[in-house]
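# Chain and residue survey
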Amino acid sequence: MSTMARTVKTRRFSVGAVLDRFGIALALLLLMAILTILSPEYFLTRENLTNVAARIAFIALLSLGEFLVILTAGIDLSVGAVMGLSLIVLAWSSHHLYEWYAGWYYAGAGMAASLPPPEGPVVLTTISVLAIAATLGVGVLCGLLNGWGFTKLRLPHPFIMTLGMLNIARGAAFLISGGSPITGLPKAIRVFGAGNIRLFQFADGEWFKIPVSFVVILVFYFVFWVFLTQTKTGRHIYAVGGSPQAALYAGVDVDRVLNKVYMLAGLLAGVAGVMYAGRINSGTPKAARGGDELDAIAAVIIGGASFFGGRGTVMGTFIGVLILAFIRNGLNLLNVSVFWQEVAIGVIIITAAFVDVIRLRTGQRE
Amino acid sequence: MEPLVRMKKISKSFGPVQALRQVDLTLHQREVLGLVGDNGAGKSTLMKVLTGVYRPDEGEIYLNGQRVRFNSPYDSRNAGIEMVYQDLALAGNLHVAGNIFLGRELTKKYLGGLIKFLDHKGMAQEAARLLERLRVEIQSVDLKVETLSGGQRQAVAVGRSMGFNARVVIMDEPTAALAVTEVAKVLDLIRNLKEHDVSVILISHRMQDIFEVSDRIMVLRQGRKVGDLVRSQTTMDEVVALITGAQGEALQTVTEVA
């Protein structure tokens, strides 16, 4: 009886392996270096970087949700519209909650009715918490419906269900708002989108500030990194993306995993809505028009996730978001026309996808 | 001694097609049974009946003398019967340990059981131990399965089934897609399974593989059992003649050989 040949080798460190692992990070550094050289006065300044950090909030959250879906070899076209709907639900519900509170106050106040109702922090925070809960609830519901359309109705591809949801969410956003923005939000909501955390004072007396929204993103990215790499469900998401058949044979409830993923994408679209509304201090149905989901998909693909599913990292997606943001920002600083920016981003998406194809071709054995 | 598996007079039809007619199958403790037959002879159907994918129209299954009824592959797996699928059962993007523990990951509790995180280290050690027991050489259990050779993948799939405490492993054409050097390794693997008190049913078109590792060979033709032979008492020519129908039946050597 022959024994198996011993072929113990140490792990090889090749240029290819390094590029595979850190390629996207290197691309980001290269991009930043180029922009620093081309725009030495502006690009690497506090103001500019803080500005970019504050601006990427909602797209970063949409991308995180889109990343989960793409990991399972799916697609969610509805995240932009669901974010828009969330924005409206947030503004609408906080306004209506306030009106309801005011009505209740006047009904009980009797003769003091000429005075405005007291707006203590408790009242406004309660309204904010309830409104945010309603918003996230709507996001989760949209996500669940997306999942069910695929897993229960057995629609041929998530493309169809989420395309339907895009239209439904967009329509609902315009129906609820009547087509015009609902402005003015409680401070407890605005702080997520527009607040800053003062970290320390510079010698010139200026504060080093970090946008609250940026901290929120970091927290979400960290939590989802832990979720994907350290939990059973996270492992199953990768398995379903790599081979649904294998996952099924292994006893993984594939439909359940998919439902969870679409639900989380909906939840994150809801959170993105809260950030967006907070930033512009209003709920505008324009946000539901769409287009942001395409930026999210672009960021995920640039970040190295595979459209075939099962491949990609949370960190990669974050870098993808940054690359997209820096290209827009950098080309703005360089006064390049918006239209050329679109062309540039298009080229980068195609390049990123091509790199993925090459990687798959060289990484697998027959 | 009671055989490990006994299938009695199994019949199964799909509409007008009679896929299995009164087929008996016996599998003993620590035995490798070669199951051969032409395409459509009923090999896969018989195995799907054994693993609970199909329910037989007629016939009974006994495990260690106990009557069993499998309604799904889940039931048969719990009873220790594992099917190793050729290509479908592994996720190429996960590493070896991830595949072996897929669906039953080990976890560690934190915050008094409030959250459970994957026990990466524990799974890697267990997986390495499992493959060592099967004498499989894979550089590292951290390697992605898609970077492995066909034989190594087959070994990982078998390792998976061993982890489920399998008593019977069914292998469907495990060597069909392999390079010549890999075939020997898979055949070694089958012998190793036997050493670990696991019985194997091997379905293969490759007669030399069947003759190299089987203790007994069972032949199906057109849904009927036409041969049940002790390997040492038959020849390839005889088996081939049974498969093609050039020879009628050869069932005389059946029962207790273990």
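Residues numbered from 1 in each chain as written. Chains lettered and ligands numbered in written order. Predicted model: local features only at pLDDT ≥ 70, side-chain atom pairs only at ≥ 80, totals over all residues.

### Describing the overall build of chain A
- The secondary structure content of chain A amounts to 14 helices and 4 strands.
- On the principal axes, the C-alpha backbone points of chain A span a range of 100 × 55 × 35 Å.
- The burial tally for chain A puts 43% of its 366 residues in the buried class.
- Long-range pairs, those at least 24 residues apart, make up 78% of the contacts in chain A between residues at least 6 apart in sequence. (Helix = DSSP H or I, 4+ residues; strand = E, 2+ residues; numbered from the N terminus. Buried ≥ 20, exposed ≤ 12 C-beta atoms within 10 Å, placed from the backbone. Contact = placed C-beta atoms within 7 Å.)

### Some points on the packing of helix α3 (residues 57-71) of chain A against helix α8 (residues 212-230) of chain A
Residues and elements named next belong to chain A.
- Following both chains from N to C, one finds α3 and α8 inclined at 15°, their axes separated by 9 Å at the closest point. One finds that α3 runs roughly parallel with respect to α8. Along this stretch, α3 crosses α8, giving a crossing that reads as left-handed. Here α3 contributes A57, A60, L61 and L64 to the contact with α8, which in turn contributes S213, F214, V216, I217, F220, Y221 and F224.
- Here the residues of the contact of α3 with α8 sort into 10 nonpolar, 1 polar and no charged. (Axes fitted to C-alpha atoms, helices over the stretch in contact; angles between N-to-C directions. Parallel < 35°, antiparallel > 145°, perpendicular 65-115°, else oblique. Left-handed = near helix turned anticlockwise from the far one by under 90°. Nonpolar A, V, L, I, M, F, W, Y, C, P; charged D, E, K, R; others polar.)

### Things to note about helix α5 (residues 150-163) of chain B
- Helix length check: α5 of chain B (14 residues) gives 20 Å between terminal C-alpha atoms against 20 Å at 1.5 Å per residue, within 8%.
- Of all 14 residues in α5 of chain B, 13 are buried; the element is thus mostly enclosed. (Expected span 1.5 Å × (residues − 1).)

### Considering the sheet that holds strand β12 (residues 224-230) of chain B
All names here are of chain B.
- Strands sit in the order β6-β9-β10-β3-β11-β12 across an open sheet of 6 strands; the sheet is mixed. The sheet terminates laterally at β6 (81-84) and β12, the two strands that pair on one side only. Direction aside, neighbouring strands of the sheet carry axes that sit 20° apart on average.
- For strand β9 (residues 168-172) and strand β10 (residues 199-203), the ladder comprises 5 bridges, and the chain directions are parallel. If you follow D172 over to β10, its bridge partner there is I203.
- Docked against the sheet, α5 engages β6 and β9, running at close to 165° with respect to β6.
- Relative to strand β11 (residues 216-221), helix α8 (residues 236-244) is tilted by about 25°, and along the sheet it contacts β3 (32-37), β11 and β12. (Pairing = 2+ DSSP bridges.)

### Re unusual backbone geometry
- With a phi close to 55°, N281 of chain A is a non-glycine residue in the positive phi region.
- Mapped onto the elements of the fold, N281 of chain A is located in the loop between α11 (254-280) and β4 (282-283).
- Of note, K9 of chain B is a non-glycine position whose phi angle comes to about 45°, a positive value.
- Tracing the backbone through its elements, the reader meets K9 of chain B in strand β1 (residues 5-14).

### Overview of the domain arrangement of chain B
All names here are of chain B.
- We note that the domain assignment places domain 1 (1-80 + 168-258) and domain 2 (92-166) within chain B.
- Just the C-alpha atoms count here: the centres of domain 1 and domain 2 sit 28 Å apart.
- Taken together, the contacts link 15 residues of domain 1 with 14 residues of domain 2.
- Breaking the side of domain 1 that touches domain 2 down by element, the ones donating at least two residues are β9 and α6 (180-195).
- By residue number, the principal contributor to the side of domain 1 that touches domain 2 is α6, which donates 6 residues. (Domains from an automatic or database assignment.)

### Considering the sheet that holds strand β2 (residues 17-27) of chain B
Residues and elements named next belong to chain B.
- Taken together, the 4 strands give an open sheet; going across it, the order is β2-β1-β4-β5, and neighbouring strands pair in antiparallel fashion. Either end of the sheet is taken by a strand with one partner, and the two such strands are β2 and β5 (66-68). Taking each pair of neighbouring strands and ignoring which way they run, the sheet shows an average axis angle of 30°.

### A word on the packing of α3 of chain A against helix α12 (residues 292-302) of chain A
All names here are of chain A.
- Two elements in contact, α3 and α12, have axes separated by 8 Å at closest approach and are oriented at 65°. Relative to α12, the crossing made by α3 is right-handed. Contacts between α3 and α12 involve I59, L62, S63, E66, F67 and I70 on the former and, on the latter, D292, E293, D295, A296, I297, A299 and V300.
- For the contact of α3 with α12, the per-class residue count stands at 8 nonpolar, 1 polar and 4 charged.

### Quick notes on the pairing of β10 of chain B
Residue and element names in this part refer to chain B.
- Counting buried residues in β10 gives 5 out of 5 residues, a clear majority hidden from the surface.
- Here β10 shows two buried faces, one formed by S199, I201 and I203 and the other by V200 and L202.
- Judged from the 4 bridges that link them, β3 and β10 form a sheet pairing that is parallel. Across the sheet, G34 pairs through a bridge with L202, a residue of β10.
- Regarding the hand of the β-α-β motif, the stretch spanning β9, α6 and β10 is right-handed. (Right-handed = clockwise from strand over helix to strand, strands pointing away.)

### Some remarks on the confidence of the model for chain A
Residues and elements named next belong to chain A.
- For chain A, the mean per-residue pLDDT works out to 88, and 92% of the residues sit at or above 70.
- Mean pLDDT per element in chain A: helix α1 (residues 15-38) is the minimum at 83, and α3 is the maximum at 97.
- For the stretch residues 1-11, pLDDT sits under 50, and the model shows 15 contacts to residues farther than four places along the chain or on other chains. (pLDDT = per-residue confidence, 0-100.)

### Quick notes on the environment of D215 of chain B
All names here are of chain B.
- Residue position: D215 is located in the loop between α7 (207-213) and β11.
- Classification of D215 by C-beta neighbours within 10 Å gives partly exposed; the count is 19.
- Among residues more than four places away in sequence, those in contact with D215 are E31, V32 and R231.

### Details of the environment of A102 of chain A
Residues and elements named next belong to chain A.
- Its place among the elements puts A102 in helix α4 (residues 79-109).
- On the basis of neighbour count, A102 is assigned to the partly exposed category, with 14 C-beta atoms found within 10 Å.
- Along the backbone, A102 and P117 are 15 residues apart, and their C-alpha atoms lie at a distance of 6.1 Å.

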